[in-house]
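# Breakdown of the fold
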Amino acid sequence: MDTKNKFLWGVATSAFQVEGHIDNDMTEWERLGNFKQSGDNPLYEDAANHWLHWKKDFEILHMLKVNAYRFSIEWSRVQPEPAVFDESALATYEKMVDHLLANEVTPILTLHHFTHPKWFHDLSPWHTEKSIEIFYKYALRVINKLSDRIDWFITFNEPLTWCLAAYGDAKFPPGMMDLNKMMISLSHMLQAHRLIYDEIKKQNTRAKVGIAKNFIIFEPLHKWNLLDVALSSLIHAFYNLMVPKTFKSNRLKFHFPFLIKFNKYIPIDNKIDFWGVNYYYRMHVHFKFNVTRPFNLLFLNKSKEGVSDLGWENYSRGLFMIFKWLYKFRKPLIITENGTATVDEKKRISYLKAHLSILEKGLVKKYPIWGYFYWSFLDNYEWLEGKTARFGLVGIDYENEYSRHIKEGANFYAEYLKGNKI
Ligand code: BGC
């Protein structure tokens, strides 16, 4: 595990979702009206205003008794123009890291969590090969600055999820619907990962480098319907397993009849030290007659564990299924995100209890799990949903000068961490 050999117990955030005071591809996307999917929702404004309040927030973080914190760097701050790097932005991140370390909280740093500087999509979007070098240069700047004191890196948060949103259904910038470009973009991200992996290892031999990947449990809506069954296993193979398989085979390849036929050599040589597991929910798959999208994905409440305020079906057993799937890839796991959007703290606590007990079961069965991070530390800006989705252990009162309040879920987690023996 890490140099101190301790289980990482933490909470997670991403820069854009909490910091505020950002001008990037997403704020531009919102300004153009592309995010307004649900009426008055979402308006980014200053997110949780964490950029101004991070010190106060870290005081709260320490009260939670976590020993680790996952966060990301906002690329558009560090490189506002292609030829301009902002040292003062990097210096602020450096201060954050030092603050965490001084309080014995291990930082886990994500280099890419969905957002880009505005210039990126004009100059070198992910479907162009140049994107690899452009991203690498930004990453190098961060690594040069921080790799002497950070031992844990996540190169990309959910590369496939991002590619699907940006190139599969045009929800994120650059807003395309082109599955071939989607696969090409993913291949570029994985190549960038490989370069950055080597660089981090060169600069810090203790460092562990991973990718945070989203996993979803897909089940056929009707077990008797062979098309539902076939589609749910195809979607599972694509969404959950394709990327981990690429690390072992050096090939990013997938054949989804009528939709995707892709096969590309990527010399990635299994360069990953852990898989970050972002897990939230289960979906049911239902075949439909439609060539461009031959299925519906549905949230039901079959597990009886309830649904979140976003309608997502809680399904704690799914976490154990993921441990099993990933076992064959022979890499340690860190649960880098797990949580629920709810205004009802009883529901948050039941979600946490259920998932923590599955985690404990995984550890008893000796799955190589190195950490658990609740998503999210703070109420934040949720992509496509705005600020009504309340994922935070710490609440933000947007109407009242962004004041913070500790929720019952936070107290539960802190108590759990105090008493736990892992
Ligand atoms: C993303 C987060 C997001 C969370 C809840 C994850 O896929 O990494 O940024 O807020 O899911 O939707």
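Residues numbered from 1 in each chain as written. Predicted model: local features only at pLDDT ≥ 70, side-chain atom pairs only at ≥ 80, totals over all residues.

### Structural notes on the site of the ligand
If you check the shell around the ligand, you find S14, Q17, N157, E158, T161, N214, N278, E337, W375 and E382 and nothing else. Its residues assigned to classes, the shell around the ligand shows one nonpolar, six polar and three charged. (Near = placed C-beta within 6 Å. Nonpolar A, V, L, I, M, F, W, Y, C, P; charged D, E, K, R; others polar.)

### Structural notes on the packing of helix α12 (residues 345-364) against helix α13 (residues 408-419)
Remark: α12 packs on α13, axes separated minimally by 8 Å, with the N-to-C direction vectors making an angle of 30°. Judged by the angle between their axes, α12 and α13 are roughly parallel. For the crossing formed where α12 meets α13, the hand is right-handed. Residues E345, R348, I349, L352 and L356 of α12 pack against E408, G409, F412, Y413 and Y416 of α13. Looking at the contact of α12 with α13 residue by residue, the classes come out as six nonpolar, one polar and three charged. (Axes fitted to C-alpha atoms, helices over the stretch in contact; angles between N-to-C directions. Helix = DSSP H or I, 4+ residues; strand = E, 2+ residues; numbered from the N terminus. Parallel < 35°, antiparallel > 145°, perpendicular 65-115°, else oblique. Left-handed = near helix turned anticlockwise from the far one by under 90°. Contact = placed C-beta atoms within 7 Å.)

### Points about helix α7 (residues 130-146)
Counted at 1.5 Å a residue, the expected span for α7 with its 17 residues is 24 Å, and the 25 Å between its end C-alpha atoms agrees. Among the residues of α7, those classed as buried are S131, I132, I134, F135, Y138, A139, V142, I143 and L146. Where α7 is buried, its residues contact α4 (75-78), α5 (87-102), β3 (106-112), α6 (120-123) and α9 (179-203). (Expected span 1.5 Å × (residues − 1). Buried ≥ 20, exposed ≤ 12 C-beta atoms within 10 Å, placed from the backbone.)

### Details of the pairing of β3
Counting buried positions over the seven residues of β3 gives seven, a clear majority of the element. Where strand β2 (residues 68-72) meets β3, five bridges bridge the pair, whose relative direction is parallel. Residue R70 lies in a different strand from β3, and its bridge partner there is I108. Where β3 meets strand β4 (residues 152-157), four bridges bridge the pair, whose relative direction is parallel. Counterpart to H112 in the pairing with β4 is F156. (Pairing = 2+ DSSP bridges.)

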